[in-house]
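# Overview (structure and organization)
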Amino acid sequence: MITEPSVPSPAARRHRIAGMDCASCALTIEAALARLQGVQRAQGDFTTETLHVEGPVARESLAQAVARLGYRLDGPTDTTPDRDAAPTPAARAGALHRLWSQGPLRLATVAAAAAIGSVLLLRGLEGPLAAGLASLALTIAVLVAAAPIAAKGVRALLFGRRVTIDLLMTLAAIGAVAIGEYWEALAVIVLFTFGEALESLSAERARASLRSLLALQPDTATVL
């Protein structure tokens, strides 16, 4: 009789989750991990980018489930942020540089700039061909800018069984394009992406503040 080897996993562990910047992200990860065999409890904390998992589940299974949602599972951590950890390159960079380092924001900005440039070039032309080309340029820009948001929303729906704001924004953009409101669709996607980047930046600054506060904690205490 062949038996499956037992999973050498402790009852409770904490991991860092890269990219978990909001409460919705934490809920999506919790919902996806709760469906894994062996997971008794999963709780995410986006303020510290940590995940608390209880149950005999292999780390590889956790990493695969998290990766399907678009996040990354880092190594185990303790119950508090590491106050002695060196600041990350993102934390050392300036606010504008960190804001621009967000991949979806760069993609949305470039797509919007390309769409505006294309419409301006076609501005001097008249007729249905010019109007069709302008609509095509705007549609392509919306699709390119909305691709990261749509992928995140679809992954949350498929693997986390949750309808998130990303999926709703994607549906809103598709609806705007369907009724011919191309500029509105592009504006919605760009503004939403900008808001997501600001949220990520704010979360990173909050974590840096927590590490600064923990650094003030003394290593020893004298008991009288």
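Above this note sits the structure.
These numbers come from a predicted model, not from an experiment. Residue indices begin from 1 for each chain and proceed along its sequence in written order. Local features in a predicted model are, by the rule used here, given only for residues with pLDDT of at least 70; side-chain atom pairs are given and counted only at 80 or more, and totals for whole chains, interfaces and linings are based on all residues. Based on all heavy atoms of the structure, the side-chain values leave hydrogens and waters out of the count.

## Topic: the overall build of the chain
To keep it simple, the criterion reads: The way it works is that DSSP assigns letters per residue, a run of H or I at least four long becomes a helix, a run of E at least two long becomes a strand, and they are numbered from the N terminus. Note on classification: 1.4 Å probe, protein chains only; a residue is buried when its accessible area is under 20% of the maximum for its type, exposed when over 50%, partly exposed between these limits. All accessible areas in this document rest on Shrake-Rupley with a 1.4 Å probe, and a residue is counted as covered only by the protein chains that are shown.
For the chain, the helix and strand inventory stands at 8 helices and 4 strands. Secondary structure elements of the chain occur, N-terminal to C-terminal, as β-α-β-β-α-β-α-α-α-α-α-α. The buried share among the 224 residues of the chain stands at 33%. Summed over its atoms, the accessible surface of the chain is roughly 13,200 Å², and 64% of this surface lies on carbon and sulfur atoms.

## Considerations on the pattern of salt bridges
Definition in use: Salt bridges are identified by distance alone: a Lys or Arg side-chain nitrogen within 4 Å of an Asp or Glu carboxyl oxygen.
All chains considered together, the criterion is met by 2 salt bridges. Between Arg41 and Glu54 there is a salt bridge whose closest N-O contact spans 3.4 Å. Taken together, the positions of Arg41 in strand β2 (residues 41-45) and Glu54 in strand β3 (residues 50-54) put the pair 13 residues apart, joining distant regions of the chain. In this structure Arg41 comes out as partly exposed when scored by relative accessible area, which is 37%. Here Glu54 falls in the partly exposed class, since its relative accessible area comes to 25%. When the shortest N-O distance is used, the salt bridge between Lys152 and Glu196 registers 3.8 Å. Note that Lys152 is positioned in helix α6 (residues 128-160) and Glu196 in helix α8 (residues 182-215), a separation of 44 residues in sequence.

## A few points about unusual backbone geometry
Positive phi, normally seen in glycine, also occurs at Arg161, with a value near 55°. When you line up the elements, Arg161 lands in the loop between α6 and α7 (165-178). For Arg161, a relative accessible area of 52% puts it in the exposed group.

## Description of the pairing of strand β1 (residues 12-18)
As a reminder, the rule being used: Note: two strands are recorded as paired if DSSP finds a minimum of 2 bridges between them.
By the criterion of burial, β1 is predominantly enclosed, with 5 of the 7 residues buried. In the sheet, β1 pairs with β3 via 5 bridges, with the strands oriented antiparallel. In the strand pairing of β3, Arg16 is matched with Thr50.

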